[in-house]
Amino acid sequence: MLIGELAERTGTSERLLRHYERGGLLTPDRLPNGYRWYSEPHVETVRRIRALLAAGLPVRTIRAVLPCTASAGEAVRPCPGVLDALHSRLADLDARAAELDEARAVLRATIDGTQRAAAPVS
């Protein structure tokens, strides 16, 4: 299938598909005229890429994880370094979540203080 059909079947823009290719995430075949040619497994690969991106993984980690993934819904097979990369990303996300929790608490305290100060005195 050509890039337009893959884009339509996966809900991904052609521009993003080219970006995935430049990032080493997607490797289409080439027709004699130079056009990209995608086969059925590329549909699932794009869906996995999008799911991993939605999970917050950076492209460099996805590049390492993709060869270790099986079919949709199956676990990642153990490949060298992949589990470490996933643990590292989880630790990063946990740290960001803690920072957001702290910022939320400060914002709530600021709002509460401001509302108390603005409340009419009886």
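Please refer to the structure higher up on the page.
I will try to describe carefully the structure that is included in this document. Here the structure is a predicted model, which means the values were calculated and not measured.

Right, let's talk about the overall build of the protein chain for a bit. A count of helices and strands for the protein chain gives five helices and two strands. In the protein chain, the succession of α and β elements from N to C terminus is α-α-β-β-α-α-α. Its C-alpha radius of gyration of 22 Å places the protein chain more than 25% over the 14 Å reference for a compact globule of 122 residues. The buried share of the protein chain, taken over its 122 residues, is 25%. Long-range contacts, defined as pairs at least 24 residues apart, comprise 45% of the intrachain contacts of the protein chain with a sequence gap of at least 6. About 8400 Å² of surface is accessible on the protein chain, with carbon and sulfur atoms providing 57% of the total. Here the protein chain carries 17 positive and 15 negative side-chain charges, and the mean point of each set is 4 Å from the other.

Here the focus is the nonpolar core. Counting residues in each nonpolar core, the largest one holds 19 residues, and the members touching the most others are Leu6, Leu17, Tyr20 and Leu26. Residue assignment for this core shows that the elements contributing at least two residues are helix 1 (3–10), helix 2 (14–22), helix 3 (40–54) and helix 4 (59–65).

Attention now moves to the pattern of salt bridges. Using the criterion set out here, one finds six salt bridges in the structure. Residue Glu14 pairs with Arg18 through a salt bridge whose shortest N-O separation is 3.3 Å. Of this pair, Glu14 and Arg18 both sit in helix 2, four residues apart, which is roughly one turn of that helix. By relative accessible area, which is 33% here, Glu14 ends up partly exposed. Of the charged contacts in the structure, one is a salt bridge between Glu21 and Arg30, with a shortest N-O distance of 3.2 Å. Exposure remark for Arg30: the relative accessible area of 46% places this residue in the partly exposed category.

Further remarks concern a nonpolar patch on the surface. A contiguous nonpolar surface patch, about 310 Å² in accessible area, is contributed by Leu2, Tyr35 and Trp37. By the element assignment, Tyr35 lies in the loop between strand 1 (29–30) and strand 2 (36–37).

Conventions we followed
Residues numbered from 1 in each chain as written. Predicted model: local features only at pLDDT ≥ 70, side-chain atom pairs only at ≥ 80, totals over all residues. Heavy atoms only, no water. Helix = DSSP H or I, 4+ residues; strand = E, 2+ residues; numbered from the N terminus. Rg over C-alpha atoms; globule rule 2.2 N^0.38 Å. Buried < 20%, exposed > 50% of the residue type's maximum accessible area, 1.4 Å probe, protein only. Contact = heavy atoms within 4.5 Å. Areas by Shrake-Rupley, 256 points an atom, 1.4 Å probe, with all protein chains shown as cover. Lys, Arg positive; Asp, Glu negative; His and termini not counted. Charge placed at Lys NZ, Arg CZ, Asp CG, Glu CD. Core = buried A, V, L, I, M, F, W, Y, C linked by side-chain atoms within 4.5 Å. Salt bridge = Lys/Arg side-chain N within 4 Å of Asp/Glu carboxyl O. Patch = residues over 30% accessible without salt bridge, like charges linked within 9 Å, V, L, I, M, F, W, Y side chains within 5 Å.

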